[in-house]
Amino acid sequence: MNDFALQSRPSSHNTTDATIRELFNQNVVPSYSRFDLTLTHGKGSHVYDLHGRRYLDLGGGIAVCALGHAHPAMVEALTEQARRLMHVSNLYYTEPQGRLAQALVALIGPGKCFFTNSGGEANEGLFKLARKFGHDTGRFEILTAVNSFHGRTLAGIAATGQDKVKKGFEPMVAGFRHVPYNDLAAMRAALSPATVAILVEDIQGEGGVTPASPDYLLGLRALCDERNLLLLLDCVQSGHFRSGRFHGFQRILEDVPGGGAFLPDGISMAKSLGGGFPIGVFWARAPYADLLSAGTHGTTYGGSPLACAVALKVLEVIAGENLADNARHMGERLRAGLQSIIQQHPKLFRTVRGQGLMLGLELAPDAPGLNLPHKTPASVMTAKLQEAGLLLIPAGAQVLRILPALNLTEADAEEGLAILARVAADLDA
Ligand SMILES: *Cc1c(COP(=O)(O)O)cnc(C)c1O
């Protein structure tokens, strides 16, 4: 091993975009086509590249950085807990895990939590819960939605309703079928004697930011009650106050008669729960939580005191600074600004969808300047915005996602809308 390979700290000199790209080319599995940008640090809703150039980050690390970058309270919670106890395994009790589980149960409803390190693993836990629930009656099949996304594990890609994630990895894990989203009749028609659960996102993220309709959620609940099926919601991307309520389904149902009593049987969470520190969790409703008895499921890292202390601090800051309301208000502010940009550039944009600070801006089918060979219009637009100093996240070929920090300021929102308006004007010229 040479000296360079042993360097554990980033060097400030002799580091260029080209040298870092070469490290990736030589040593990192090429499963991502990355944007041409090397980031070094961040503060609030801004990140900085190797050259000190500042970008407004409205992608939030794909809906992860709930408090933005380098939030002092998070850094303090992280270092304080690190000095005390980082990890001990799940063979012992630790206070942060117990307190975080208590906080999540209080925010959702009667039930219990199992902690993981990612959203994909949280979904794997729900799949096992469903299999256990159906085992004695020979039921195992889980119905999911077309255009859904449930993670990149082997069962995760089987559950995901998009061919592109499955291609080349067949045969798929058995027991998953996909049904059109927001179509209750189709779901009812798709049930088989082997069906044990229905899993959907309350707001589809990777599929292009599509919220479930209130009738769909209430109808799925009634259908699952009628047929003794588990209703599982993947709230990994939409959850943790991004919508303006703790979960997207709570926001979708808040003004609907009977909506306040709605509870699924299982929920997966991750992304912004840790604000950037890896953590995932599934919650299972009271009667089902005990199905996974001692020895039936496990994880080495999941629920470490470090991860749980950070997540508790994120929830505390969100509550203390009323960031749920901020997500709601900034979401309305951004949505109104986007609507007016769409109206000025109908050739470029089609519509904006979503809840709170989970918004999807859909590009028009033949938007000028965005149709390049081997690239999707969404990725071309994302690269153009990046050049102009704004980071967004593509979803599929036609949608740009806005998933910013929940403490987004009015000035941040104005800056983002101004950059988007400028790039749109250039393209439309
Ligand atoms: C991101 C995501 C996942 C996967 O989470 P990982 O932490 O990447 O494993 C699962 N479901 C949804 C809805 C997601 O957005």
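Residues numbered from 1 in each chain as written. Predicted model: local features only at pLDDT ≥ 70, side-chain atom pairs only at ≥ 80, totals over all residues. Heavy atoms only, no water.

Q: I'm lost on the site of the ligand in this one. Help?
A: The environment of the ligand is formed by S118, G119, G120, N123, F149, H150, G151, E201, D234, V236, Q237 and K271. In the model, an oxygen atom of the ligand is placed 2.8 Å from a nitrogen or oxygen of the G119 main chain. A distance of 2.7 Å separates a nitrogen atom of the ligand from a polar atom in the side chain of D234. Bound to the protein, the ligand loses 80% of the 380 Å² it would expose on its own. The leading source of residues in the shell around the ligand is helix α6 (residues 119-134), at three residues. Across the shell around the ligand, the residue classes break down as two nonpolar, seven polar and three charged. (Near = heavy atom within 4 Å. Polar contact = N/O pair within 3.5 Å; in protein donor to acceptor, adjacent residues only side chain to side chain. Areas by Shrake-Rupley, 256 points an atom, 1.4 Å probe, with all protein chains shown as cover. Helix = DSSP H or I, 4+ residues; strand = E, 2+ residues; numbered from the N terminus. Nonpolar A, V, L, I, M, F, W, Y, C, P; charged D, E, K, R; others polar.)

Q: How should helix α10 (residues 214-227) be read in this particular structure?
A: Three or four residues apart is the spacing at which side chains of an α-helix point the same way, because the helix has 3.6 residues per turn. The end-to-end C-alpha distance of α10 is 20 Å, a good match for the 20 Å that 14 residues give at a rise of 1.5 Å each. Among the residues of α10, Y216, L217, G219, L220, R221, L223 and C224 are the ones counted as buried. Tucked inside the fold, the buried residues of α10 contact α9 (184-190), β7 (195-201), β10 (230-234), α11 (248-252) and β12 (280-285). Residue N228 follows α10 closely and has a positive phi angle near 55 degrees. (Expected span 1.5 Å × (residues − 1). Buried < 20%, exposed > 50% of the residue type's maximum accessible area, 1.4 Å probe, protein only. Contact = heavy atoms within 4.5 Å.)

Q: Sorry, what's going on with the environment of R152 here?
A: Locating R152 in the fold gives a position in the loop between β5 (141-145) and α7 (154-159). Between the C-alpha atom of R152 and that of M74, which follows or precedes it by 78 residues, the distance is 28 Å. With residues up to four places along the chain from it excluded, the contact list for R152 reads I157 and V165.

Q: Before we go on, may I ask you to explain the pattern of salt bridges in this structure?
A: When the charged atoms of two side chains with opposite charge come close together, those side chains can pair. Per the counting criterion, the structure on display carries 21 salt bridges. Among the salt bridges present, the one from D36 reaches R21, with a minimum N-O distance of 2.8 Å. In this pair, D36 is assigned in the loop between α2 (17-27) and β1 (39-43) and R21 in helix α2, connecting sequence segments 15 residues apart. Residue D36 is classed as exposed on the basis of its relative accessible area, which comes to 58%. Take R21: its relative accessible area is 41%, and that puts it in the partly exposed class. Of the charged contacts in the structure, one is a salt bridge between R221 and D265, with a shortest N-O distance of 3.0 Å. With R221 in helix α10 and D265 in the loop between α11 and β11 (266-269), the pair connects residues that are 44 residues apart, well separated along the chain. A single network of salt bridges, built from pairs that share partners, joins R221, D225, D265 and R285. (Salt bridge = Lys/Arg side-chain N within 4 Å of Asp/Glu carboxyl O.)

Q: I would appreciate a short explanation of the sheet that holds strand β2 (residues 46-49) in the present structure.
A: In a beta sheet, neighbouring strands pair by backbone hydrogen bonds and run either parallel or antiparallel. Taken in spatial order, the four strands make up an open sheet running β1-β2-β3-β15, and their pairing is mixed. Of all the strands in the sheet, the pair left with one neighbour each is β1 and β15 (390-391). Strand direction decides the pairing type here: β1 and β2, joined by four bridges, are antiparallel. Within β2, the position partnered with G42 by the bridge is V47. Helix α16 (residues 410-428) rests against β2, β3 (54-57) and β15 of the sheet, and its axis sits at about 105 degrees to β3. (Pairing = 2+ DSSP bridges. Axes fitted to C-alpha atoms, helices over the stretch in contact; angles between N-to-C directions.)

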